Every structure is written in structure tokens, then in C-alpha cells.
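One letter stands for each residue in the lines below.
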Amino acid sequence: MTEAPGAAPGPEPGSGAVLVMGEALIDLVPTADDAEAHRAQPGGAPANVATGLARLSTPSWFAGALGNDGFARSIERRLVSAGVELGLCARPDLPTALAVADPGPEGTGYHFHLQYTATFQLPDRTDVERFAAVYVGGLAAVVEPAASAVVTTARAAAAGGPLLVVDPNVREDRTLDAESGAAKLRELCELGQVVKASDEDLARLWPDSTPDETCRRLAAGGRLVVLTRGSRGSTAYTGSAEPVSVPAVPVEVVNTIGAGDAFMAAMITWMVSGGVHPAAGAREFTRTQALDMLGFASRVAASVVAQTGTEPSLPEARV
């Protein structure tokens, strides 16, 4: 799969640009006044991260696939209005994937409609040296043919050059082979220089270890590992040093969809804009830096939790 034929070449990535690889799809979310009615909301974890980066003034290049239907045009408007570059997107002549949201007391579950869609027709991207960081994650990391393209790009990034950032974003409600998908996500985590995962993600990927044990093991390999626990805050693991934690920012919860993606976008923004590069060795990532990064990401995530949409905003003050 290639980019749109005849498309005019876009600008070259500049200093601090981030390549985001994965899916952009449509979330069908129940409306507040009618549980039987759903509104179409552009989503997909990688598209949310790409949008979040751009909203936080970080140059964002989305390497996904946009189809030929009205949903794809809605997704494109959202990305472009945020300032995301789409010159690396594929344009297959297929419809857009759908994720039907099912909010509940334990979080939001999803039912996916993925087959015969444009969303996972991703091209391999091995020209990653042009970017400061590469993000991979979401459904595209486990749904073929996208998963093969994602791991090819991740291996290219891990071989040297940009910072490889991984969010396994595990879901039990995905319509895929659980063990095969878990193996793909475990490989990406082992490749990554920065891994952001929830306690539920790690419990599902490494069920024989506690999330804390898994984070310590991954960090011992030179990675920066960030464990998120929703309302219980987040923890950063850096090599052999003791982990550091920050609480979640207290807000009145309106919506949890997209909060983790906003946290991820804020982490990348903090590292890229500040010139902090854990790929040089997570053991050199100081306690103060970890606290600053987690605090910034928590405030950005809170800006999503306190509203109905998934668009993050930059906190008034950055420490």
C-alpha cells in the first residue's frame, strides 16, 4: 500500500517531529440522553495520540490509512484541524473500521467491526531516521495486515535513530487470536525504548508476574517504563533506581475515552521538546525528570477526563 497516487509531497519532518503509526477509526459512543442512540466520534489510539501531539504543539505525522467514506472524511478533518501531517497516509478504496463503545462502571468496552476496511492497510515505514520519535500501538499492532507493517517499522526504529515509544493498549474485547496478539505486543514492548502501559495491560501480557515485577524487568533492560493506574496515578521505572509516582490530577470525571492517549502524547511532547532522550540509557533519566514528566502528562490527561471530547489541552503552567 502506498500513499495517495498523485498527492503533492508534503513538508519534510523538522526537528522534533514524531511519526505515529496505527489506526484511525470511528468510535460509536452512546449519547448522554439516549442510551440507544450513538454518535460517531473519530478515534483510534494512534490517531488520538497524533492529534494530541499536534494540539500540544509537537510536529505530528500520522502514518495510517484513510478510506473512501464519510467517516474517513470526518477523521481527516479532525486530524488536519489539529495540525497533523497526513502526507504518509495510505488511501485505500475501502470503508472505515468501527468501534462500538460500551461504557460501564469498570471502564469502556468496545465491539469492533474491522474486516474489509481501509483502516489496517498500512504501508511499511522504514524511513524513520527523519523523526525524533516513533510511536506504535493500538489495534494496528495486532490486526493484520497492519501488524506486520507496525513491527517492521518498530524494528527499524529500534535499530537506531529515533526514540521508539510503545503503548501495548491491550483489550480483551478485540476480535483476534489472544495468544498471537499478546506475542506481538510483548515483542513491541521488548523493542521499545519507552513503554507506557496500564496495570491491566501488563497483567494480561505477563500473567505470571505482577505489573510491578514486569515494569522492573523491562526497565532493567535500559527502558523507561511508565505504569498507569487510572485514578490511582502513574509510576515511572528507570533502570535500577527506585520507581517514582505521582497521583492523578483530581477532576470531576466526565469522560475517560482518550485519557490514556492524551497521557501518552504528553509524555512524548515532554521528552521531545525538552531534548530528553531515554534511548541513551534510562538509568540516566533522573528522579526529577521522571516526576516532571509524569506531572505534566497527568495534567494533560486530566484536561480530557474533565470534558466530553478526546482533545487534550496544554496546561497553563509546565514545570
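Everything numeric here is computed off the predicted structure, so don't read it as measured data. (Residues numbered from 1 in each chain as written. Predicted model: local features only at pLDDT ≥ 70, side-chain atom pairs only at ≥ 80, totals over all residues. Heavy atoms only, no water.)

Novice: Help me out: how do you make sense of the packing of helix α1 (residues 45–55) against helix α7 (residues 259–274) in this one?
Specialist: If you want to describe how two helices pack, look at the angle between their axes and the distance between the axes. Two elements in contact, α1 and α7, have axes whose closest approach is 8 Å; the angle formed by their N-to-C orientations is 45 degrees. Comparing the axis directions of α1 and α7 gives the class oblique. Along this stretch, α1 crosses α7, giving a crossing that reads as right-handed. In this structure, α1 contributes A45, N48, V49, G52 and L53 to the contact, and α7 contributes D261, M264, A265, I268 and T269. Classifying every residue of the contact of α1 with α7 by side-chain character gives six nonpolar, three polar and one charged. (Axes fitted to C-alpha atoms, helices over the stretch in contact; angles between N-to-C directions. Helix = DSSP H or I, 4+ residues; strand = E, 2+ residues; numbered from the N terminus. Parallel < 35°, antiparallel > 145°, perpendicular 65-115°, else oblique. Left-handed = near helix turned anticlockwise from the far one by under 90°. Contact = heavy atoms within 4.5 Å. Nonpolar A, V, L, I, M, F, W, Y, C, P; charged D, E, K, R; others polar.)

Novice: Just to check I follow, could you spell out the pattern of salt bridges for this structure?
Specialist: Pairs may arise between side chains of opposite charge once their charged atoms sit close together. Under the definition given, this model contains 11 salt bridges. In this structure, R125 engages D127 in a salt bridge whose closest nitrogen and oxygen atoms are separated by 3.4 Å. Since its relative accessible area comes to 9%, R125 is described here as buried. Here the residues in one salt-bridge network are R125, D127 and R130, joined through shared partners. (Salt bridge = Lys/Arg side-chain N within 4 Å of Asp/Glu carboxyl O. Buried < 20%, exposed > 50% of the residue type's maximum accessible area, 1.4 Å probe, protein only.)

Novice: Is there a simple way to think about the environment of G274 in this case?
Specialist: Of note, G274 is situated in helix α7. Measuring from C-alpha to C-alpha, the distance between G274 and G16 comes to 9.6 Å, with 258 residues separating the pair along the chain.

Novice: Mind showing me how you'd approach the sheet that holds strand β8 (residues 163–167) here?
Specialist: Strands belonging to one sheet form pairs held by backbone hydrogen bonds; the direction of such a pair is parallel or antiparallel. Spatially, the eight strands line up as an open sheet ordered β4-β1-β7-β8-β9-β10-β11-β12, and their pairing is mixed. Every other strand in the sheet has two partners, leaving β4 (60–63) and β12 (244–246) as the edge strands with one partner each. Each strand axis lies, on average, 20 degrees off the axis of its neighbour in the sheet, ignoring direction. Both strand β9 (residues 194–198) and strand β10 (residues 224–228) contribute to a ladder of five bridges, which runs parallel. Along β10, the bridge assignment pairs V195 with V225. (Pairing = 2+ DSSP bridges.)

Novice: Teacher, can you tell me more about the pairing of strand β1 (residues 18–21) here?
Specialist: Along any regular strand, the residues point their side chains to alternate faces of the sheet. The side-chain alternation of β1 yields two buried faces, one formed by V18 and V20 and the other by L19 and M21. Here four bridges tie β1 to β4, and the two strands are oriented parallel to one another. Residue pairing across strands places V18 opposite S60, the latter belonging to β4. Note: β1 against strand β7 (residues 133–137), four bridges, orientation parallel. Bridge pairing in β7 links L19 to V134.

Novice: What is the right way to look at the packing of aromatic side chains in this model?
Specialist: Given two aromatic rings, their pairing is described by the distance between the two centres and the angle made by the two planes. This structure, assessed with the given rule, holds one aromatic pair. Judged by centre distance (6.2 Å) and plane angle (75 degrees), the ring pair of W61 and F131 falls under edge-to-face. Of the two residues, W61 sits in strand β4 while F131 sits in the loop between β6 (107–113) and β7, which places them 70 residues apart along the sequence. Side by side, W61 and F131 carry an identical accessibility label, which is buried. (Phe/Tyr/Trp six-rings, centres within 6.5 Å; stacked < 30°, edge-to-face > 60°.)

Novice: I would appreciate a short explanation of helix α2 (residues 70–82) in the present structure.
Specialist: Each turn of an α-helix holds 3.6 residues, which means side chains three or four residues apart point in the same direction. For α2, which comprises 13 residues, the first-to-last C-alpha distance of 19 Å matches the rise-based estimate of 18 Å (1.5 Å per residue) to within 8%. Burial in α2 covers these residues: A72, I75, R78, L79 and A82. Down the axis of α2, the smallest arc covering the buried residues is 125 degrees, so these residues share one side. The exposed set on the far side of α2, more than 90 degrees from its buried face, consists of R77 and S81. Buried residues belonging to α2 abut β2 (25–30), β3 (38–43), α1 and β4. Where α2 ends, the next residue or the one after it, G83, has phi of about 105 degrees, a positive value. (Expected span 1.5 Å × (residues − 1). Arc of directions from axis to C-beta.)

Novice: Hey, could you run me through the state of the cysteines in this one?
Specialist: By definition, a disulfide is the covalent link that joins the sulfur atoms of two cysteine residues. Tallied over the full model, the rule gives zero disulfides. The thiol of C189 is not disulfide-bonded; the next cysteine sulfur, from C215, is found 9.6 Å away. Judged by its relative accessible area of 0%, C189 falls in the buried class. (Disulfide = S-S within 2.5 Å.)

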